[in-house]
Amino acid sequence: MSDRYRLLYDGACPMCSREVLALYRRNPDAIEAVDIMAGGFDPAVYGLNGEQVRAALYGIKPDGTMTVGMASLREAYRLAGVGWMIGWTGWWPARPMSDGFYRWFARNRMRISRALGRNDVCGEHCEI
């Protein structure tokens, strides 16, 4: 068990990589980034399969509790010290809308990255 919050992120997604890198850099003692696209990554270690980890951002707290989607982002932002930026997405009535938006974003993240001109995976500049 890790003493840090693990984020299982899609390293092939430029927007995802940048977001996770920014959060990690704010508090590397609390956040551990795990690229699900890296060679040797095994989702079974976390009780998940490849389809699951590619569909959403998963987070594993030090006590083993798992978060999914927006809940993972809310926890990572909180640990990075900027929880106030998206904390409101966990409150009613914003929560169902933000969680739904996240699911849509996760399904379309590569298309959105390309549309925004973010089709580079930022290579060595984004390594965590």
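Everything below is about the structure shown above.
The model shown is predicted, which means the values in this text are computed figures rather than measured ones.

Cut-offs applied
- Residues numbered from 1 in each chain as written.
- Predicted model: local features only at pLDDT ≥ 70, side-chain atom pairs only at ≥ 80, totals over all residues.
- Heavy atoms only, no water.
- Helix = DSSP H or I, 4+ residues; strand = E, 2+ residues; numbered from the N terminus.
- Rg over C-alpha atoms; globule rule 2.2 N^0.38 Å.
- Buried < 20%, exposed > 50% of the residue type's maximum accessible area, 1.4 Å probe, protein only.
- Pairing = 2+ DSSP bridges.
- Axes fitted to C-alpha atoms, helices over the stretch in contact; angles between N-to-C directions.
- Contact = heavy atoms within 4.5 Å.
- 1 Å grid on protein atoms, 1.4 Å probe; cavity = no way out; pocket = protein on both sides within 12 Å on 5 of 7 lines; lining within 4 Å.
- Points joined across faces, edges and corners; volume = space filled by probe spheres on them.
- Nonpolar A, V, L, I, M, F, W, Y, C, P; charged D, E, K, R; others polar.
- Phe/Tyr/Trp six-rings, centres within 6.5 Å; stacked < 30°, edge-to-face > 60°.
- Parallel < 35°, antiparallel > 145°, perpendicular 65-115°, else oblique.

Observations regarding the overall build of the protein chain
Step number 1: Regarding its fold elements, the protein chain presents four helices and four strands.
Step number 2: When the helices and strands of the protein chain are placed in sequence order, the string is β-α-β-α-β-β-α-α.
Step number 3: Taken over C-alpha atoms, the radius of gyration comes to 14 Å for the protein chain, in line with the 14 Å a tight globule of 128 residues would show.
Step number 4: Across the 128 residues that make up the protein chain, the buried fraction comes to 45%.

Describing the sheet that holds strand S1 (residues 5-9)
Step number 1: Read from one edge to the other, the open sheet built from four strands follows the order S2-S1-S3-S4, with strand pairing classed as mixed. Looking along the sheet, the strands with just one partner apiece sit at the ends: strand S2 (31-35) and strand S4 (66-68). Strand after strand, the sheet turns through a mean of 20 degrees between neighbouring axes, direction not considered.
Step number 2: As paired elements, strand S3 (residues 58-60) and S4 share three bridges and run antiparallel to each other. Opposite Gly59, over in S4, you have Thr67 as the bridge partner.
Step number 3: Together, S1 and S2 form the strand contacts of helix H1 (residues 14-26), whose direction differs from that of S1 by roughly 165 degrees.
Step number 4: Along the sheet, helix H3 (residues 70-79) makes contact with S1, S2, S3 and S4, crossing S1 at roughly 130 degrees.

Points about the side chain of Ser98
Step number 1: With respect to the element layout, Ser98 can be found in helix H4 (residues 94-115).
Step number 2: Relative accessible area serves as the criterion here: at 11%, Ser98 is assigned to the buried category.
Step number 3: What Ser98 contacts, discounting residues up to four positions off in sequence, is Met70, Arg74 and Thr89.

A word on the layout of surface pockets
Here the idea is plain: a probe the size of a water molecule rolls over the atoms and shows the empty space left.
Step number 1: Taken as a whole, the largest pocket spans an internal volume of roughly 530 Å³.
Step number 2: If you go around the largest pocket, you meet 24 residues; those closest to its centre are Glu19, Met70, Leu73, Tyr102 and Phe105.
Step number 3: Of all the elements in the fold, those that place two or more residues in the lining of the largest pocket are S1, H1, helix H2 (50-55), H3 and H4.
Step number 4: Here the lining of the largest pocket takes six residues from H4, the largest share from any one element.
Step number 5: Class assignment for the residues of the lining of the largest pocket results in 18 nonpolar, two polar and four charged.

Some details on the packing of aromatic side chains
Step number 1: Within this structure, the stated rule accounts for two aromatic pairs.
Step number 2: Ring centres 6.0 Å apart and planes at 20 degrees place the aromatic pair Phe41 and Tyr46 in the stacked group.
Step number 3: According to the relative accessible area criterion, Phe41 is buried, its value standing at 19%.
Step number 4: Here Phe101 and Trp104 contribute two aromatic rings whose centre-to-centre distance is 5.6 Å and whose plane-to-plane angle is 35 degrees, an arrangement assigned as tilted. Here Trp104 and Phe101 lie together in helix H4, a separation of three residues that amounts to about one turn.

Focus: the packing of H3 against H4
Step number 1: Two elements in contact, H3 and H4, have axes whose closest approach is 9 Å; the angle formed by their N-to-C orientations is 105 degrees. Taken together, the axes of H3 and H4 lie roughly perpendicular to each other. On H4, the residues touching Met70, Leu73 and Arg74 of H3 are Arg95, Ser98, Asp99 and Tyr102.
Step number 2: A class-by-class count of the residues in the contact of H3 with H4 yields three nonpolar, one polar and three charged.

Fair warning: the whole summary comes from geometry, so function is off the table for now.
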